[in-house]
Amino acid sequence: MTATSATRAEVCVVALAECFRGDGEILANPIGTIPVIAGRLARATFEPDLCVTDGEAALVDNDAAFVAPEDRVLEYWNPYRSMFDWVWSGRRHVVMGASQLDRYGNQNLAAIGDYARPTVQLLGYRGAPGNTINDTTTYWVPRHSTRVFVERVDTVTGVGWDRAAALGRAGRFVDVRRVVTDLAVLDFETPDKRMRLRSVHPGVTVDEVVAATGFELVVPDEVPTSRLPTAEELRLLREVIDPEGAREREVPTPA
Amino acid sequence: MTGTAADKLISVEEVVARLRPGMTIAIGGWASRRKPMAVVRAIARSDLHDLTVVTHGGPDLGLLCAAGKVRRAIYAFASLDTIPLEPHFRAARQAGAIEDEPLDEGLVHLGLQAAAWRVPFLPTRVGLGSDLLRDNPRLTTFTSPVPDADGEHELLVAMPAIRLDAAICHLNVADRRGNAMFLGPDLYWDDLMLQAAPTGCRFISAEKVVDTAELAGHGCLHQMRISRMMVDGVVHAPGGAHPTSCEPDYPRDEAAQRAYADAAASPEAWAAYRAEWVDVPEEEYQRKVREGR
């Protein structure tokens, strides 16, 4: 098995795992299939002290991402209420989804259209205001499109860099780290914290990403290609963490 | 002279009879997990109206919206877990049929805690920078009167107490006096909801009602999180969380939940669902569930 045989989903997993690099002993709380797999991969390789949940009320030590309740290796009882202890004390890095995102990483999960009478009611504010004002946040967008990447989000549920700056000291814990999509990796490592194209996944062009983004991205002269999984990462993914291949159902590899 | 300990065992109908139109009612559980659906169904059948519902929303909120009982929702999300968005709540919002008071999940926690502790608000930074402060005018900011670790007086949000008129939760096992245990993975916010509600209108339903002496044998000490000091009425409601999950007694009934969700497709679909699954006595509902309809 060679690294060049990696699927698009596996490239996404590695890109999300990389978001946890340097986090140390905190709660890595990825939400969604590929993010959950990515959290397991980061812990199984370069971030061994990360804590992860079983998706319900426990922190677990398993490398396998999806295990039967009786097969869990339990570390801690973590009911929903305990989550706020981690969030509010700054010991969590969440990976959330986004129905809309703008160039500063403001996120909308709540509703499309006028909030008072939305055309489409979505999930609600959920935990996004508290997550983003307190902790590092990364976004996972499985289908990069101009529907998600918009000039202006209809409702700001998750706080972006411009609003954090406007808050001054009160926004000091905001850290929108990266956005990983099925096409690319984006970050905010620019002087004015505007979204930048960090890398494109193998087989994707810069023009494709720009066309699928509804605002002007910061595009460096040289855009690297997202790194491929190592042979050991591929083995872990395919044999230990996600042997059933749930990752491939979330992001199919283009023909 | 010797007093007699209160026996709080009542029927679902008695719970509904103690509620009033316009009340603010907290409903326990989380999304589509351990929701007090037997009582929720009874509210849906009742003459109650204009309710404000405080919930980590699931089919409790959706069913009451569909039945026209909700004036206002105080919530952070509404989901059926395996069906990510609550379709009946969604329809009500998109039709402009209900007032919306959005919160962050953690703000729900603080608002209930403030009410339980009888303080007007609790401080937090949750909400700063987001549109919550635009969409929920009850949230206000203030400058901390107390310096932080760096000597700065920082900007904070005052999360106001969520003042309740009633609370309703479903537990795994209870006694007739109102002590109860959760036996699944999570208590959610049930104890705080009961503590935040006023004496006289704090209700639990339970899968089993046992003698106090037998209660502890159903689990372990730290699962004994509902005290009779928090409870005014106990309903024996086996299957009372159906179709939501009530671990370890039963998992979510996905087929039944699907039928409920599909009923949001049209007024006709809702009328048919309502006739079969809401406008029937709870005993008949449970019999139909047992018999696979």
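What comes next is a walk through the structure. Nothing here was measured: the structure is a model prediction, and the numbers come from that model.

Definitions and cut-offs
Residues numbered from 1 in each chain as written. Chains lettered and ligands numbered in written order. Predicted model: local features only at pLDDT ≥ 70, side-chain atom pairs only at ≥ 80, totals over all residues. Helix = DSSP H or I, 4+ residues; strand = E, 2+ residues; numbered from the N terminus. Rg over C-alpha atoms; globule rule 2.2 N^0.38 Å. Buried ≥ 20, exposed ≤ 12 C-beta atoms within 10 Å, placed from the backbone. Contact = placed C-beta atoms within 7 Å. Nonpolar A, V, L, I, M, F, W, Y, C, P; charged D, E, K, R; others polar. Pairing = 2+ DSSP bridges. Axes fitted to C-alpha atoms, helices over the stretch in contact; angles between N-to-C directions. Core = buried A, V, L, I, M, F, W, Y, C linked by C-beta atoms within 7 Å. Parallel < 35°, antiparallel > 145°, perpendicular 65-115°, else oblique. Left-handed = near helix turned anticlockwise from the far one by under 90°. Right-handed = clockwise from strand over helix to strand, strands pointing away.

Structural notes on the overall build of chain B
When helices and strands are counted, chain B shows eleven helices and twelve strands. Computed over its C-alpha atoms, the radius of gyration of chain B comes to 19 Å, within 12% of the 19 Å expected for a compact globule of 293 residues. Residues counted as buried form 51% of the 293 residues belonging to chain B. Sequence-distant contacts, at least 24 apart, represent 74% of the contacts inside chain B between residues at least 6 apart.

Comments concerning the interface of chain A and chain B
Many analyses report the size of an interface as the accessible area lost when the parts associate. Opposite the 33 residues of chain A that make contact, chain B presents 33 residues. If you list the elements that add at least two residues to the side of chain A that touches chain B, you get α3 (80–89), α4 (128–134) and α5 (161–167) of chain A. Tallied by class, the residues present in the side of chain A that touches chain B amount to 18 nonpolar, nine polar and six charged.

What to know about the sheet that holds strand β8 (residues 155–160) of chain B
Residues and elements named next belong to chain B. Pairing is antiparallel across the open sheet formed by three strands, whose spatial order is β6-β8-β7. Among the strands making up the open sheet, the edge pair consists of β6 (121–124) and β7 (140–143). Between one strand axis and the next, the sheet turns through 40° on average, direction left out of account. With respect to the sheet, helix α5 (residues 105–117) is in contact with β6 and β8, its orientation differing from that of β8 by roughly 60°.

So, the nonpolar core
In this structure, A:Val13, A:Leu16 and B:Leu64 are the most contacted members of the largest nonpolar core, which totals 161 residues. Residue contributions to this core peak at nine residues, all from helix α1 (residues 8–19) of chain A. Leave out the neighbours within four places in its chain, and A:Leu16 touches A:Pro30, A:Ile34, A:Pro35, A:Ala38, A:Val95, A:Trp140 and A:Val180.

Here's the deal with the sheet that holds strand β2 (residues 52–53) of chain A
All names here are of chain A. Strand order in the open sheet formed by three strands is β2-β3-β4, with antiparallel pairing between adjacent strands. Among the strands making up the open sheet, the edge pair consists of β2 and β4 (74–77). Of the pairings in the sheet, the one linking β2 to strand β3 (residues 58–60) comprises two bridges and is antiparallel in character. Within β3, the position partnered with Thr-53 by the bridge is Leu-59.

Regarding the environment of B:Ser245
Residues and elements named next belong to chain B. Within the secondary structure layout, Ser-245 lies in the loop between β12 (233–236) and α9 (254–262). Separated by 88 residues in sequence, Ser-245 and Val-157 have C-alpha atoms that sit 35 Å apart. For Ser-245, the contacting residues outside a window of four places in its chain are Ser-32, Arg-33, Arg-34, Tyr-250, Pro-251 and Arg-252.

Notes on the packing of helix α2 (residues 33–44) of chain A against helix α7 (residues 231–241) of chain A
Residue and element names in this part refer to chain A. For the pair α2 and α7, the least separation of the axes is 11 Å and the interaxial angle reads 120°. When the interaxial angle is binned, α2 and α7 end up oblique. Like other packed secondary-structure pairs, α2 and α7 cross with a definite hand, here right-handed. Residue-level contacts link Ile-37, Arg-40, Leu-41 and Ala-44 of α2 to Glu-233, Leu-236, Leu-237 and Ile-241 of α7. Here the contact of α2 with α7 is composed, by residue class, of six nonpolar, no polar and two charged.

Brief notes about the pairing of strand β11 (residues 175–181) of chain A
Residue and element names in this part refer to chain A. For β11, a buried count of five out of seven residues is recorded, marking the element as mostly surrounded by other parts of the structure. Judged from the six bridges that link them, strand β10 (residues 136–141) and β11 form a sheet pairing that is parallel. If you follow Trp-140 over to β11, its bridge partner there is Val-180. Between β10 and its parallel partner β11, the chain crosses via α5, and the hand of that crossover is right-handed. Between β11 and the antiparallel strand that follows it, strand β12 (residues 184–187), lie two residues.

Shape is all these values report; function is a separate question.
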